[in-house]
Amino acid sequence: MENLKLTREQRDILYHTEHRAAGGFYCGGGKEMEALVTAGLMEYAGKKSFVPDPYYKITSKGRAALRAAN
């Protein structure tokens, strides 16, 4: 992805979501997640009543950024 510099934590979030997260959903928010959502690399996927943190999923743009970062 041109002009897109991912931090190590952002790359880790994208990688975890793509390859390890159950059902492809990442649970948790924060500054790095907000930056990923703003950049269109992750998107809000909802909440569960029994989990306090929101869930997110990777977008096609996020997958492309992850491939470009590796």
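To start, this report covers the structure provided alongside it. (Residues numbered from 1 in each chain as written. Predicted model: local features only at pLDDT ≥ 70, side-chain atom pairs only at ≥ 80, totals over all residues. Heavy atoms only, no water.)

Brief notes about the packing of aromatic side chains
Part 1 of the reasoning: Tallied over the entire structure, the rule returns one aromatic pair.
Part 2 of the reasoning: Taken together, a centroid distance of 6.0 Å and an interplanar angle of 75 degrees make the contact between Tyr44 and Tyr56 edge-to-face. Placement of the pair is Tyr44 in strand E2 (residues 42-46) and Tyr56 in strand E3 (residues 55-58), with a sequence separation of twelve residues.
Part 3 of the reasoning: The class for Tyr56 is buried, based on a relative accessible area of 13%. (Phe/Tyr/Trp six-rings, centres within 6.5 Å; stacked < 30°, edge-to-face > 60°. Helix = DSSP H or I, 4+ residues; strand = E, 2+ residues; numbered from the N terminus. Buried < 20%, exposed > 50% of the residue type's maximum accessible area, 1.4 Å probe, protein only.)

Section: the sheet that holds strand E1 (residues 25-27)
Part 1 of the reasoning: If you trace the three strands from one edge of the open sheet to the other, you get E1-E3-E2, paired in antiparallel fashion. The open sheet terminates on both sides in strands that have one partner only, identified here as E1 and E2. Recorded for the sheet is a direction-independent mean angle of 40 degrees between the axes of neighbouring strands.
Part 2 of the reasoning: Relative to E3, E2 runs antiparallel, the two sharing four bridges. Bridge pairing in E3 links Glu43 to Lys57. (Pairing = 2+ DSSP bridges. Axes fitted to C-alpha atoms, helices over the stretch in contact; angles between N-to-C directions.)

Things to note about the pattern of salt bridges
Part 1 of the reasoning: Applying the stated criterion to the full structure yields two salt bridges.
Part 2 of the reasoning: Taking the shortest distance from any N to any O, the salt bridge between Glu43 and Lys57 comes out at 3.5 Å. In this pair, Glu43 is assigned in strand E2 and Lys57 in strand E3, connecting sequence segments 14 residues apart. (Salt bridge = Lys/Arg side-chain N within 4 Å of Asp/Glu carboxyl O.)

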